[in-house]
Amino acid sequence: MTPQPVDSPDLWVGLPTLEDPPGEDDTAPDVWEDPIPLTGRRERPPFPAHVFPTWLGEFVTAVGEETQTPVDLAGSIALAVLATAAGGRSVVHVRGNWREPTNLYTVVALPPGNRKSAVFSLLTNPLYEAEKQLKAAMKPVIVEAELTARLAKEAADKATVKAASADGDKRDEMVATAIGLAQTADTLTVPAEPLLLADDSTPETVTSLIAEQGGRLSVMSDEGGIFDIIAGRYSGSPNMEVFLKGHAGGRLRVNRQTRREYVDAPALTMGLAVQPDVLLDIGKIKGAKGRGLLGRFLYSLPVSTVGKRKVITDPVPEPTAATYTAKVIDLTLSLADWTDPAVIQLTPEADAALIAYQQRVEPRLQERGGTLGHINDWAGKLVGATARMAALLHLAEHGGNGYAHPVTEATMNAAIELGEYYTAHALAVFDAMGADNTTARAQSVLDTLRTHRWTEVSKRDLMVKLSRSEFPTAADLDPTLARLEDHGYVRAQPVVRTGGRGRPPSPRYLVHPRLTDPTA
């Protein structure tokens, strides 16, 4: 399938190609290369369903066929399903002290009418069945614990009454007995009914549920209401603490009415399908970027199939659906009783593949010149997310006993391919959010250069014409001019002093001839 571009302004639409040397001044450079557009057309590759184990790849492909939806939708939800089954019950040991939990945050953005609810139901139904089985198995345990706790409290209450009315030497003994029974009753807890999935719950509810469920929970929704809740649309102020710590596994404090609890390693999974406008809104949540919330999601922005869908489609084959259901339920149930998480190891070859990937990613994080520099809060978590996905693919292949086998190089390469997919889509999403302020400011400078048709310009010239709200000081112009120079729109000239002391001359820049004369 041909990768699909994100629509973005092409700065040179309608302008002729430069073929001849640009000017009459023999001192100028002989040739100006065609400049590189500031906002390139982002390539959004299709979801690589082939990296999944056969049973899962066949299912998400079949779901895409039956519902006539991009396979990206089913594929990203499938990753969240695996993370729901394994999150909080397994970790991947990368190297040294570096361990990654196996929970994920995924979000797919598609316009209305793309059958998001239908795909969600097909993918998540086995989780609800697994939850039902966990509840049935836990029911006798809960009943017994409730009865034991009630009897213990009644015994403590009776002992307290007797101690209060006791006389003489027996009083001290009976008080001690009452205290012991009360302490015993207080230590008895009734386990919560198992819950795998929550919908658009408040942060407070999510926090309490994570504590009740032994540190793990999944928020799965085919709407974007959870972002309204995080943004404080109903409470008045953003509350993202549980969503930050629930992804990273940081210690979480739970203040309840009856007691305080700590969750040592919370594991929250989020699998969401939203409308594209919701992604623009979450970029505006106060503190979402600065505190790293936006950097925790794996974004998918597939091309809508509406208008090109087949009316008569092939349903998901029954054996394919049955295998998917059985595999998801088995993985969920086999890990459900783990308190200390199962540790998944990497083979040396898998670790080498991840190291090589990390070495490729790192230079891209540089703020100047790095292709991921403007989203390094997201890209800085990319290698860790890749390790998590490798562990999930491994568990999908081997089931709940995957901890008995290390992750192979082939599985790690599959996860790396997923990492590259999500990187391409994240770039498109953050473009839409306006994350790259330098590029936006560079566009303003280009507009000014076109308007005034300078062949050469100084920083002082530009500062006179540019908005001070966008460029408060001359120093704020430096990253923008560096970006324009990197893309071939301007060329910095050496600064030559003409006198002694005093203010140095303003740096000057040659301007690409096609900005001064579009007909050149």
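Details of the structure are given in the entry above.
Below you will find a few notes about this structure. The structure presented is a predicted model; accordingly, all values stated were derived computationally and were not measured.

1. A word on the overall build of the protein
Thinking step 1. Each helix and strand counted, the protein has 17 helices and 15 strands in total.
Thinking step 2. Going through the 520 residues of the protein one by one, you find that 47% of them count as buried.
Thinking step 3. Within the protein, residue pairs in contact and separated by at least 24 positions form 76% of the contacts whose partners lie at least 6 positions apart.

2. Here we look at the packing of aromatic side chains
Thinking step 1. What the rule picks out here adds up to 11 aromatic pairs.
Thinking step 2. Note on Tyr-299 and Phe-430: the rings are 5.5 Å apart at their centroids and 80 degrees apart in plane angle, and the pair reads as edge-to-face. Within this pair, whereas Tyr-299 is found in strand E11 (residues 298–300), its partner Phe-430 is found in helix H13 (residues 409–433), the two being separated by 131 residues in sequence.
Thinking step 3. With relative accessibility at 2%, the residue Phe-430 sits in the buried group.
Thinking step 4. Put simply, the rings of Tyr-105, Phe-227, Phe-297, Tyr-299 and Phe-430 pair up and form one aromatic cluster.
Thinking step 5. Residue placement shows Arg-441 over the ring face of Phe-471; its charged tip is 5.9 Å from the ring centre.

3. Some details on the nonpolar core
Thinking step 1. If you look at the biggest cluster of nonpolar residues, it comprises 115 residues, and the most contacted ones within it are Leu-123, Phe-243, Leu-279, Tyr-299 and Trp-378.
Thinking step 2. Counting residues per element, this core draws most heavily on H13, at 13 residues.
Thinking step 3. Excluding anything up to four places from it in sequence, Leu-123 contacts Phe-59, Val-63, Ala-74, Ile-77, Ala-78, Val-81 and Tyr-324.
Thinking step 4. Grouped together as the second largest cluster of nonpolar side chains are 19 residues, Val-445, Tyr-489, Tyr-509 and Leu-515 included.

4. Let's talk about the side chain of Thr-102
Thinking step 1. By secondary structure assignment, the location of Thr-102 is in the loop between strand E4 (98–101) and strand E5 (105–109).
Thinking step 2. There is a polar contact of 3.2 Å between the side chain of Thr-102 and the backbone oxygen of Ala-86.
Thinking step 3. Side chain to side chain, Thr-102 and Ser-90 meet in a polar contact 2.8 Å long.

5. What to know about the side chain of Thr-480
Thinking step 1. Along the chain, the position of Thr-480 falls in helix H16 (residues 478–486).
Thinking step 2. Look at Thr-480 and you get buried, because its relative accessible area is 1%.
Thinking step 3. If we ignore the near neighbours within four places in the chain, the residues touching Thr-480 are Thr-438, Arg-441, Ala-442, Val-445 and Phe-471.

6. Overview of the sheet that holds strand E13 (residues 456–458)
Thinking step 1. Ordered by their spatial adjacency, 3 strands build an open sheet running E13-E15-E14, and the pairing between neighbours is antiparallel. In the strand order of this sheet, the two ends are held by E13 and strand E14 (490–492), each with one partner. Across the sheet, the mean angle from the axis of one strand to that of its neighbour is 30 degrees, orientation sign disregarded.
Thinking step 2. Bridge count for E13 against strand E15 (residues 508–511) is 3 bridges, and the pairing is antiparallel. Residue pairing for E15: Ser-458 is matched across the bridge by Arg-508.
Thinking step 3. Sheet strands touched by H16: E14 and E15. Its angle to E14, the strand with the most contacts, is close to 115 degrees.

7. Some thoughts on the environment of Val-161
Thinking step 1. Within the secondary structure, Val-161 sits in helix H3 (residues 116–165).
Thinking step 2. The class of Val-161 is exposed, set by a relative accessible area of 58%.
Thinking step 3. Sequence separation between Val-161 and Ala-178 is 17 residues, and the spatial gap between their C-alpha atoms is 8.7 Å.

8. Comments concerning the pattern of salt bridges
Thinking step 1. Overall, the coordinates contain 14 salt bridges when judged by the stated rule.
Thinking step 2. Lys-153 is paired through a salt bridge with Asp-157; the nearest N and O atoms lie 3.1 Å apart. With Lys-153 and Asp-157 both in helix H3 and 4 residues apart, the pair spans about one turn of that helix.
Thinking step 3. Measuring nitrogen to oxygen at the nearest pair gives 3.6 Å for the salt bridge that ties Arg-450 to Asp-447. Of this pair, Arg-450 and Asp-447 both sit in helix H14 (residues 437–452), 3 residues apart, which is roughly one turn of the helix.
Thinking step 4. Connected through shared salt-bridge partners, Glu-131, Lys-135 and Glu-193 make up one network.

9. Thoughts on the sheet that holds E5
Thinking step 1. One open sheet holds the 5 strands; their spatial order is E6-E7-E10-E5-E11, and the pairing between them is parallel. Each end of this open sheet is capped by a strand with a single partner; those strands are strand E6 (197–198) and E11.
Thinking step 2. Pairing of E6 with strand E7 (residues 216–221) involves 2 bridges; the strand directions are parallel. If you follow Leu-197 over to E7, its bridge partner there is Ser-218.
Thinking step 3. Running over the sheet, helix H5 (residues 203–212) touches E6, E7 and strand E10 (267–274) and is turned about 140 degrees from E7.

10. Comments concerning the packing of helix H2 (residues 71–86) against helix H9 (residues 318–336)
Relative placement of two packed helices is described by the angle separating their axes and the distance separating the axes.
Thinking step 1. Here H2 crosses H9 at 30 degrees, and the two axes come no closer than 8 Å. Considering the angle they form, H2 stands roughly parallel to H9. When H2 is examined against H9, the residues Val-81, Leu-82, Ala-85 and Ala-86 are found in contact with a partner set consisting of Tyr-324, Val-328, Leu-331, Thr-332 and Leu-335.
Thinking step 2. Taken together, the residues of the contact of H2 with H9 sort by class into 8 nonpolar, 1 polar and no charged.

11. A few points about the environment of Thr-269
Thinking step 1. Counting through the fold element by element, Thr-269 comes out in strand E10.
Thinking step 2. For Thr-269, a relative accessible area of 1% translates into the label buried.
Thinking step 3. The spacing of Thr-269 and Thr-102 is 167 residues in sequence and 8.8 Å in space, taken between C-alpha atoms.
Thinking step 4. Other than its neighbours up to four places away in sequence, Thr-269 contacts Ala-80, Ala-83, Thr-84, Asn-103, Leu-104, Tyr-105, Leu-217, Ser-218 and Val-219.
Thinking step 5. Looking at Thr-269, its side chain comes within polar contact range of the main-chain oxygen of Ala-83, at 3.5 Å.

12. Observations regarding the pairing of E5
Thinking step 1. By the criterion of burial, E5 is predominantly enclosed, with 5 of the 5 residues buried.
Thinking step 2. The alternating pattern of E5 places Tyr-105, Val-107 and Ala-109 and Thr-106 and Val-108 on opposite faces, both of which are buried.
Thinking step 3. Where E5 and E10 come together, 5 bridges link them in parallel fashion. Bridged to Tyr-105 within E10 is Met-270.
Thinking step 4. In this sheet, E11 lies alongside E5 in parallel orientation, the contact comprising 3 bridges. Within the sheet, the bridge partner assigned to Val-108 lies in E11 and is Ser-300.

Each value, and the rule that gives it
- Residues numbered from 1 in each chain as written.
- Predicted model: local features only at pLDDT ≥ 70, side-chain atom pairs only at ≥ 80, totals over all residues.
- Heavy atoms only, no water.
- Helix = DSSP H or I, 4+ residues; strand = E, 2+ residues; numbered from the N terminus.
- Buried < 20%, exposed > 50% of the residue type's maximum accessible area, 1.4 Å probe, protein only.
- Contact = heavy atoms within 4.5 Å.
- Phe/Tyr/Trp six-rings, centres within 6.5 Å; stacked < 30°, edge-to-face > 60°.
- Lys NZ or Arg CZ within 6 Å of the ring centre and 35° of its normal.
- Core = buried A, V, L, I, M, F, W, Y, C linked by side-chain atoms within 4.5 Å.
- Polar contact = N/O pair within 3.5 Å; in protein donor to acceptor, adjacent residues only side chain to side chain.
- Pairing = 2+ DSSP bridges.
- Axes fitted to C-alpha atoms, helices over the stretch in contact; angles between N-to-C directions.
- Salt bridge = Lys/Arg side-chain N within 4 Å of Asp/Glu carboxyl O.
- Parallel < 35°, antiparallel > 145°, perpendicular 65-115°, else oblique.
- Nonpolar A, V, L, I, M, F, W, Y, C, P; charged D, E, K, R; others polar.

It is worth stressing that arrangement in space is one thing and function is another; only the former is reported here.
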